[in-house]
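As a plain string of letters, each chain reads:
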Amino acid sequence: MRVRGVLFDVDDTLFDYSTSEEVGLLGHLTALGMLGLFPSPDGAVEVWRRIMEEEYARFLAGELDFTEQQRTRTRRFLAHVGRVPDGGLSDEDAAAWFAGYGVHRDAAWSAFPDAEPVLKSLTADYRLGVVSNSSLEHQRRKLDRIGLLPYFGDALVCSEEHGAAKPSPSVFLAGCEALGLPPGQVAYVGDKYEVDGLGARDAGLRSYWLDRAGTGTAAADGVQVIRSLDDLPAALARQAQV
Ligand SMILES: [Mg+2]
């Protein structure tokens, strides 16, 4: 069956999440005069990322909503450097601190250089969409800001609104449905091996794992490895000939 649609992950696939997170955090800490509380800038980023991974997992599991995980990350991060006042940090203050981070982070929002060229080259031959573990409003705003939103029409599926997160098959299948195609005719491209690569394969899609760092991890059967989005059009064309 020929692939007729391509679904993309957003963060660290089309969008350079890691850089904007780092620049945003360091900018915010510098503005607040807090960077010196950490042994090094890298150390601050490491703590922020570790807390983010843990709290975002709770959001994906449905334990926290999208804004709650932002406040919880803020509280834990400030507690790490002893900056939570006696009696705790109010919801309002936690949200305001996170919003300040968000201003710095959003100023650094950018697409990877290979993102728009690949979307441009695929748009004539494939239906394009997004399946992301996030909230729809947040991802729409982000894709709009980096100029990629028009490529996807209404085919955007996010875990918060869908009610289940990748690697659950249902969210991949909702993406296929948004494209109006069966999973066997849809490719999925994402940067997380287990969540994206194995998740898409197990949902019955053609799975392409984007290994930007070149980790050299050998992919399992049914998962193809690409090192850059530049490699995607040729990989899709090759599969069409098999
Ligand atoms: Mg990702």
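All values derive from a computational prediction rather than experimental measurement.

## Considering the coordination of the magnesium ion
Right, on to step 1. In the first shell of the magnesium ion, the protein supplies Asp-9 (OD), Asp-11 (O) and Asp-191 (OD), at 2.1 to 2.2 Å from the metal.
Right, on to step 2. Along the chain, the residues that donate to the magnesium ion are spaced as D-x1-D-x179-D. We note that Asp-9, like Asp-11, is buried.

## Topic: the pattern of salt bridges
Close approach of charged atoms allows side chains of opposite charge to pair.
Right, on to step 1. Within this structure, the stated rule accounts for 15 salt bridges.
Right, on to step 2. The partner of Asp-91 in a salt bridge is Arg-71, with the nearest N and O atoms 3.5 Å apart. Note that Asp-91 is positioned in helix α4 (residues 91–107) and Arg-71 in helix α3 (residues 66–80), a separation of 20 residues in sequence.
Right, on to step 3. Close ionic contact of Asp-114 with Arg-212 constitutes a salt bridge, the shortest N to O distance being 2.9 Å. One end of the pair, Asp-114, is in the loop between α4 and α5 (115–122); the other, Arg-212, is in the loop between β5 (206–210) and β6 (223–226), and 98 residues separate them in sequence.

## Let's talk about the domain arrangement of the protein chain
Right, on to step 1. Domain annotation for the protein chain reports domain 1 (5–16 + 110–241) and domain 2 (18–107).
Right, on to step 2. Taken together, the twelve residues of domain 1 in the interface contact eleven residues of domain 2.
Right, on to step 3. Of the roughly 920 Å² buried where domain 1 meets domain 2, counting both sides, 41% is carbon and sulfur surface.
Right, on to step 4. Broken down residue by residue, the surface that domain 1 buries against domain 2 is led by Asp-16, His-138 and Glu-160, which jointly contribute 40%.
Right, on to step 5. Across the contact surface, domain 1 and domain 2 share one salt bridge.
Right, on to step 6. Here Arg-141 and Asp-106 are joined by a salt bridge, their closest N and O atoms 3.3 Å apart.

## A closer look at the packing of aromatic side chains
For any pair of aromatic rings, geometry is given as the distance between the ring centres together with the angle between the planes.
Right, on to step 1. Summed over all chains, the structure comprises 14 aromatic pairs.
Right, on to step 2. Between Phe-98 and Tyr-101 the ring centres are 5.2 Å apart and the planes differ by 70 degrees, which places this aromatic pair in the edge-to-face class. Here Phe-98 pairs with Tyr-101, and both are found in helix α4, just three residues apart, close to one helical turn. For the pair formed by Phe-98 and Tyr-101, the shared burial category is buried.
Right, on to step 3. An aromatic cluster of three or more residues is present, and its members are Phe-38, Trp-48, Phe-77, Trp-97, Phe-98 and Tyr-101.
Right, on to step 4. The side chain of Arg-212 reaches across the aromatic face of Phe-112, ending 3.7 Å from its centre.

## Thoughts on the sheet that holds β6
Right, on to step 1. Read across the open sheet, the six strands follow the order β3-β2-β1-β4-β5-β6; overall the sheet is parallel. In this open sheet, the two edge strands, each paired with only one partner strand, are β3 (156–158) and β6. Averaged over all pairs of adjacent strands, the angle between their axes in this sheet comes to 25 degrees, without regard to strand direction.
Right, on to step 2. The sheet strands contacting helix α9 (residues 193–202) are β4 (186–190), β5 and β6, and the helix crosses β5 at an angle near 165 degrees.

## Observations regarding the state of the cysteines
Right, on to step 1. Taken as a whole and judged by the stated rule, the model has zero disulfides.
Right, on to step 2. Cys-158 forms no disulfide, and the closest cysteine sulfur to it belongs to Cys-176, at a distance of 15 Å.
Right, on to step 3. Looking at Cys-158, the relative accessible area reads 3%, which means it is buried.
Right, on to step 4. Given the relative accessible area of 1%, Cys-176 is considered buried.

Each value, and the rule that gives it
- Residues numbered from 1 in each chain as written.
- Predicted model: local features only at pLDDT ≥ 70, side-chain atom pairs only at ≥ 80, totals over all residues.
- Heavy atoms only, no water.
- Donors = N, O, S within 2.8 Å, 3.2 Å for Na, K, Ca; no water.
- Buried < 20%, exposed > 50% of the residue type's maximum accessible area, 1.4 Å probe, protein only.
- Salt bridge = Lys/Arg side-chain N within 4 Å of Asp/Glu carboxyl O.
- Helix = DSSP H or I, 4+ residues; strand = E, 2+ residues; numbered from the N terminus.
- Domains from an automatic or database assignment.
- Contact = heavy atoms within 4.5 Å.
- Buried area = accessible area lost by both parts, 1.4 Å probe.
- Phe/Tyr/Trp six-rings, centres within 6.5 Å; stacked < 30°, edge-to-face > 60°.
- Lys NZ or Arg CZ within 6 Å of the ring centre and 35° of its normal.
- Pairing = 2+ DSSP bridges.
- Axes fitted to C-alpha atoms, helices over the stretch in contact; angles between N-to-C directions.
- Disulfide = S-S within 2.5 Å.

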